[in-house]
Amino acid sequence: MYLRSECEEIVNLLKGSDGLSECYIILAYPYAKKPTRLTKPIIAVSPAGLDGGAAEIGEERYFGEYTVSAEIYLPQPLGSPAAYDIAERVINAMLALSPVRIKLGEIERADALDCFRLGCAFSFSGEIDFKGGERDGQQG
């Protein structure tokens, strides 16, 4: 999985935030354990975009911009304004990593899941780590 180390760093940062202690914070990959019924808010972290290239021809270092998503899901009984309260705390925690861009979506109601969803995206610029994923068919 590309950007694995970056996503894990964000999960650990959010788990360490006192303001988010009431939330489950997980990687959104298919193998992540997820509750089937929401009992408290979930923040699911995953790669959302990548735009980069080699520093020089033939070099193994890559630079560019990458985006990581933090999707917030919360039970409908908590009310939709709670999603923005959680997003504010996520953004405050993420400022420690100096994102170059922050995008906050609109609250969506997912009646089939009996929850509200709010997407946050954080873009960063710098060296991109491919060691946690696959490159050229090889496991890094």
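Caption draft 1: Expanded view of the overall build of the chain. When its secondary structure is counted, the chain shows two helices and eight strands. From first element to last, N terminus to C terminus, the chain shows the α and β order α-β-β-β-α-β-β-β-β-β. Per-residue burial for the chain yields a buried fraction of 39% across its 140 residues. Put simply, 61% of the contacts in the chain that link residues at least 6 apart link residues at least 24 apart. For the chain, the accessible surface area stands at approximately 8100 Å², while carbon and sulfur atoms represent 50% of it.

Caption draft 2: Focus on the pattern of salt bridges. One pass over the structure, following the stated rule, counts five salt bridges. In this structure, the salt-bridge partner of Glu108 is Arg117, at a minimum N-O distance of 3.1 Å. The class for Glu108 is partly exposed, based on a relative accessible area of 41%. Where salt bridges share partners, they join Glu71, Glu108 and Arg117 into one cluster.

Caption draft 3: Expanded view of helix H1 (residues 4–15). An ideal rise of 1.5 Å per residue puts 16 Å on twelve residues; H1 measures up with 16 Å between its terminal C-alpha atoms. For H1, the complete set of buried residues consists of Glu6, Cys7, Ile10, Val11 and Leu14. Projection of H1 onto a plane perpendicular to its axis shows the buried side chains occupying an angular sector of 140°, all on one side. Set apart from the buried face of H1 by more than 90 degrees, the exposed residues are Asn12 and Lys15.

Caption draft 4: Layout of the nonpolar core. Core analysis: the biggest nonpolar cluster contains 31 residues, and Leu14, Leu20, Ile43, Val45, Ile72, Val90 and Phe122 have the highest contact counts within it. Counting residues per element, this core draws most heavily on helix H2 (residues 81–94), which supplies eight residues. Those residues in contact with Val45 that sit more than four places away from it in its chain are Cys7, Ile10, Val11, Leu14, Ile26, Leu27, Ala28, Val68 and Ser69.

Caption draft 5: Summary view of unusual backbone geometry. The phi torsion at Ser98 lies on the positive side, around 55°, for a residue other than glycine. Secondary-structure assignment places Ser98 in the loop between H2 and strand E4 (101–104). Despite not being glycine, Asp114 has its phi angle at roughly 55°, a positive value. By the secondary structure assignment, Asp114 is in the loop between strand E5 (108–110) and strand E6 (115–128). You can call Asp114 partly exposed: its relative accessible area is 31%.

Scoring rules and cut-offs
Residues numbered from 1 in each chain as written. Predicted model: local features only at pLDDT ≥ 70, side-chain atom pairs only at ≥ 80, totals over all residues. Heavy atoms only, no water. Helix = DSSP H or I, 4+ residues; strand = E, 2+ residues; numbered from the N terminus. Buried < 20%, exposed > 50% of the residue type's maximum accessible area, 1.4 Å probe, protein only. Contact = heavy atoms within 4.5 Å. Areas by Shrake-Rupley, 256 points an atom, 1.4 Å probe, with all protein chains shown as cover. Salt bridge = Lys/Arg side-chain N within 4 Å of Asp/Glu carboxyl O. Expected span 1.5 Å × (residues − 1). Arc of directions from axis to C-beta. Core = buried A, V, L, I, M, F, W, Y, C linked by side-chain atoms within 4.5 Å.

Structural measurements only, silent on function.
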